[in-house]
Structure formats: C-alpha cells, structure tokens
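As a plain string of letters, each chain reads:
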Amino acid sequence: AEHTRDEVELPPPAVDNRLTVHTLWPEIDRISTEQIQAAFEGVGGQIGWQLFAEEGDMRMYRREVEVDGMVMDPLKAMHKVRGVSAREMCHYFFNPRYRYEWETTLENMNIVEAISSDAIVFHQTFKRIWPASQRDALFWSHVRSAPQHTYAVTNHSTTNERYPANSGACIRLIVTVCLACRSEWPPGQQPSRDNITTSIAYCSTVNPGGWAPAGVLRAVYKREYPKFLKRFTSYVLEQCRDKPLVM
Ligand code: 6CM
C-alpha cells in the first residue's frame, strides 16, 4: 500500500490539463522548455565556466557574474546516479512532502497554490546567513517529461499579491533552477535497478535581491551546492532501495 500511494503522486507522463488552462501556463511552458534544453548543453569549450567542485561523477561549474556589485553567478552541475530513474529523481525533488528531509538551507516552506499534479507555487524562507538579511523566495515549480527518458523540474520566481516582496524581515531573492534527469540502460535490455544510470544536470541562477557581501555569498554557494546535490542524490537512492523501479 505504501508504494501505491507514492505512485499516484509520481510526475505525470503528460502535462496535466489543469495546468494548461492556468494564467501562468504560457510562462511555465516557455521557461521550462528553455531550461531543459540548456541543461544538457555542455560547459566544455564555453568561455568562463570554472570547475569548482568535483567528487566521483559529480562536477560543478560556475561563471562569475556581478551586476552592480551583486553576485549572480550561474551554476551548472553534472552528476550520474546508478539504480534510480529520472522520474524517481524528479518525484523527490518536486514533491513538497520530502523537502525538509533533503533541503538543509530551508527554514520554512508554504504551498501558495497547488495548480495541478505537476505544478505548485511555493513560498520559502531560507536560513539566515550572517551578516546578510534573511532571504525568502516565491516561485512556481513544474515537473514534466521530455523525449529520451527525461524528466525535469523547473523552478522560477513569480509574484503573488498575498506574498509581497521585502515587506517583512526578509529580502526576496529571485531564482531560476532546473533539475533535468535522463535515464539510460544497456540496449536490448529492460531497465532495472541493476542496469539503469541517470544523468543529472542541475542549473541554478540566484539573484540575491539586495546587498549581500560577494565573498560570503560565493563561500556559501561553494559549500552548499555540492552538499545539496550529494545529500539529495543519496536521499533518493535510500528512498528507492527495495522499492520497484518506476519509469
Ligand atoms: O534547488 C534547490 N532547492 C529547491 C527547493 O527548495 C529550490 C530552491 C531554490 C532557492 C535556492 C536559494 C539558494 C540560496 C540559499 C542560501 C540563502 C541565501 C542567503 C543570501 C545571503 C548571503 O529550487 C537546492 C538549492 C540548494 C542551494 C544551496
């Protein structure tokens, strides 16, 4: 019964009709398509990407970008995980039920609007990083399937009059994140826990929304992004252990 309950909440293989009639749909569709396409484009040969973390199959790159003295470094990470599917990875990233279990920078999460089985608007506050002010974010999150055994979650900042920016103690940060996952297995075989490999491309661009010391911010990113990706992937492996593979 436990895994039946999980399965009904898995990312749907096709876009949910309740999403396509929502006012956010044109933006969600456009940005998700762009992000998924860009996610699998390599960093090799492109100017400015510097490798800043490497461990096993995980590689993390950043590009140093400052606008008016504020750090907006785009980040791109590649990883490979054996024994879980792209759909399973995205299920655990998208579904709010699991978020506190793997997201260590999170202080609080609220569902602002449950649009459909594949789209939710979230308000989140993050742990305060001294000496900067605390940050919050308001973003839509959309999970979808794509060709070549791919599933992806895109998160992108939005607005909502019930959650005005910079009205309390928090500064509103602006975020675009994409976790794109593609599964492969040996030709001529059926996919299984024993033969499946999922490639992960994680892209993130955060505009801190207001003053934050560049050195502190870069140090936080350098520490927190590898920690996040390692923790998240091992969390999913642990959750999927002894459960049937879901493609
Ligand atoms: O992608 C990640 N998490 C998703 C679910 O929560 C979602 C989150 C996006 C927000 C990313 C904000 C990162 C900034 C956290 C530090 C607080 C900044 C304080 C600035 C002041 C110095 O897409 C995983 C995100 C992993 C982040 C390391």
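These notes cover the structure that comes with them. Think of each chain on its own: its residues are numbered from 1, step by step along the sequence as written. A pLDDT threshold of at least 70 governs which residues receive local features in this predicted model, and a stricter bar of 80 or more applies before side-chain atom pairs are shown or counted, although totals over entire chains, interfaces and linings include all residues. With hydrogens and water excluded, all non-hydrogen atoms of the structure serve as input to the side-chain values.

1. A look at the packing of aromatic side chains
Two descriptors summarise a pair of aromatic rings, namely the distance from one centre to the other and the angle between the planes of the rings.
And then number 1: For Phe, Tyr and Trp, rings pair up if their centres lie within 6.5 Å, where Trp contributes its six-membered ring, and each pair is then called stacked (planes under 30 degrees apart), edge-to-face (over 60) or tilted (otherwise). According to the stated counting rule, one finds 13 aromatic pairs in the structure shown.
And then number 2: Ring geometry for Y202 versus F228: centroids 4.8 Å apart, planes at 55°, classification tilted. In this pair, Y202 sits in strand β12 (residues 197–207) while F228 sits in helix α6 (residues 214–240), placing the two residues 26 residues apart along the sequence. Here Y202 matches F228 in class, with each residue buried.
And then number 3: Put simply, the rings of F93, W102, Y202, Y221, Y225, F228 and F232 touch in pairs and so form one group of aromatic residues.
And then number 4: Look at NZ for Lys and CZ for Arg. If either is within 6 Å of the ring centre and within 35 degrees of the ring normal, a charge sits over the ring. If you follow R62 out to its NZ or CZ, it ends over the ring of F52, 5.6 Å from the centre.
And then number 5: A cation sits over an aromatic face here: R63 above W49, 4.9 Å from the ring centre. To qualify as a helix, a DSSP run of H or I must reach at least 4 residues; to qualify as a strand, a run of E must reach at least 2; elements of each kind are numbered from the N terminus. With a 1.4 Å probe rolled over the protein chains alone, any residue whose accessible area is under 20% of its type maximum counts as buried; one over 50% counts as exposed, and the rest are partly exposed.

2. Some points on the site of the ligand
And then number 1: Consider each residue's heavy atoms; a residue with any of them within 4 Å of a molecule or strand counts as near. The immediate surroundings of the ligand are formed by 17 residues, with E103, Q124, N155, Y202 and L217 found nearest.
And then number 2: Think of a polar contact as two N or O atoms within 3.5 Å of one another; within protein, one of them needs to be a possible hydrogen donor and the other a possible acceptor, and neighboring residues in sequence only count if both atoms come from side chains. In the environment of the ligand, an oxygen atom lies 2.5 Å from a nitrogen or oxygen atom belonging to the side chain of E103.
And then number 3: A distance of 3.0 Å separates an oxygen atom of the ligand from a polar side-chain atom of Q124.
And then number 4: When atom positions are compared with the pocket grids, the ligand is found to occupy the largest pocket.
And then number 5: If you list the elements that add at least two residues to the shell around the ligand, you get α5 (99–102), β7 (119–126), β11 (174–184) and α6.
And then number 6: Looking at the shell around the ligand, the element that brings in the most residues is α6, giving 4 residues.
And then number 7: When grouped by side-chain class, the residues that make up the shell around the ligand number 12 nonpolar, 2 polar and 3 charged. Any residue with an atom within 4 Å of a point lines the site, the site being either a cavity, points on a 1 Å grid over the protein atoms alone where a 1.4 Å probe fits but cannot get out, or a pocket, an open set with protein on both sides within 12 Å along at least 5 of 7 lines. Molecules are considered to sit inside a cavity or pocket once more than half of their atoms lie within 2 Å of its grid points. For this classification, Asp, Glu, Lys and Arg are treated as charged, while Ala, Val, Leu, Ile, Met, Phe, Trp, Tyr, Cys and Pro are nonpolar and the rest, including Gly, are polar.

3. Looking at unusual backbone geometry
And then number 1: Omega for the bond connecting W130 with P131 falls within 30 degrees of zero, at 0°, which places this linkage in the cis form.
And then number 2: If you check the backbone angles, D68 has positive phi at about 50° while not being a glycine.
And then number 3: Topologically, D68 is positioned in the loop between β3 (66–67) and β4 (70–71).
And then number 4: Phi is positive for H149, which is not a glycine, with a value near 55°.
And then number 5: Tracing the chain through its elements places H149 in the loop between β8 (135–146) and β9 (150–157).

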